[in-house]
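Each chain, written out:
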Amino acid sequence: HAQRVSLYTVAAARRLGVPADELEQMRWGAILHDVGMIAVPDVILMKPGQLHPGEWALVRMHPEHGVRLLQHVPGLGAALAIVRFHHERFDGAGYPLGLRGTAIPLGARIFAVADALDAITTGRPYRPARTWEEARVEILQGRGSHFDPSVVDAFLEIFDDLHGLTAAESPPA
């Protein structure tokens, strides 16, 4: 998961013209985005059913836990923005701070689409993987609400290339 989302994030960031020195920070942010989940009890992480409100509250704290774990690691400065803000939504309905629009750091806005793409196209215990075409449709439906429209547009421009890269890395069935 971390490898795929870092690949998707960097590819879209390149498409958006992000300078090379910032790409490495985005790559590390994508790789480390869920490190704060280490603070969430396994019983919650492995729960097969829906989470209760208290359990969900613990999960929603993982971005801040991640930043606390990583804040003193040299060289991760801008990468921490992805760790902290990867669950913010373009419309302000995300967490942990409810940031809206361009108040969300660009790396986190790019990563949000990368993470959604991987979540949709990768099987989960509670649902099978969906197709890349279904992912394209769902991401397009989130354009302007969940996702930054300019980031969605960049992903759509490179979508087939990303699918080709991941299909080439997958072992034959």
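Here we summarise the structure given alongside this text.

What counts and what doesn't
- Residues numbered from 1 in each chain as written.
- Predicted model: local features only at pLDDT ≥ 70, side-chain atom pairs only at ≥ 80, totals over all residues.
- Heavy atoms only, no water.
- Helix = DSSP H or I, 4+ residues; strand = E, 2+ residues; numbered from the N terminus.
- Rg over C-alpha atoms; globule rule 2.2 N^0.38 Å.
- Buried < 20%, exposed > 50% of the residue type's maximum accessible area, 1.4 Å probe, protein only.
- Salt bridge = Lys/Arg side-chain N within 4 Å of Asp/Glu carboxyl O.
- Expected span 1.5 Å × (residues − 1).
- Core = buried A, V, L, I, M, F, W, Y, C linked by side-chain atoms within 4.5 Å.
- Contact = heavy atoms within 4.5 Å.

Here's the deal with the overall build of the protein chain
- In terms of helices and strands, the protein chain carries 9 helices and 0 strands.
- Mapped in sequence order, the helices and strands of the protein chain form the string α-α-α-α-α-α-α-α-α.
- Relative to its length of 173 residues, the protein chain is compact, with a C-alpha radius of gyration of 16 Å against a globular reference of 16 Å.
- Over its C-alpha atoms, taken along the principal directions, the protein chain stretches across nearly 40 × 35 × 30 Å.
- Within the span of the protein chain, comprising 173 residues, buried residues form 42% of the whole.

Brief notes about the pattern of salt bridges
- For the structure on display, the rule yields 11 salt bridges.
- With its nearest N and O atoms 2.8 Å apart, the salt bridge here joins glutamate 24 to arginine 27. One end of the pair is glutamate 24 and the other is arginine 27, both in helix 2 (residues 20-32) and 3 residues apart, which spans about a single turn.
- Residue glutamate 24 is classed as partly exposed on the basis of its relative accessible area, which comes to 38%.

Some words on helix 7 (residues 106-121)
- In this model, helix 7 (16 residues) spans 23 Å end to end at C-alpha, consistent with the 22 Å of a helix rising 1.5 Å per residue.
- Burial analysis of helix 7 places 14 of its 16 residues in the buried class, which makes it a mostly covered element.

Re the nonpolar core
- Counting residues in hydrophobic clusters, the biggest one holds 29 residues, and the most contacted among them are Ile110, Leu117, Ile139, Phe155 and Leu162.
- Elements supplying a minimum of two residues to this core: helix 1 (2-15), helix 2, helix 7, helix 8 (132-141) and helix 9 (149-169).
- Ignoring sequence-local partners within four residues, the contact set of leucine 117 consists of Tyr8, Trp132, Ala135, Ile139, Phe159 and Leu162.
- Formed by 7 residues, the second largest nonpolar core is a distinct cluster that contains Val67, Leu70, Leu76 and Val83.

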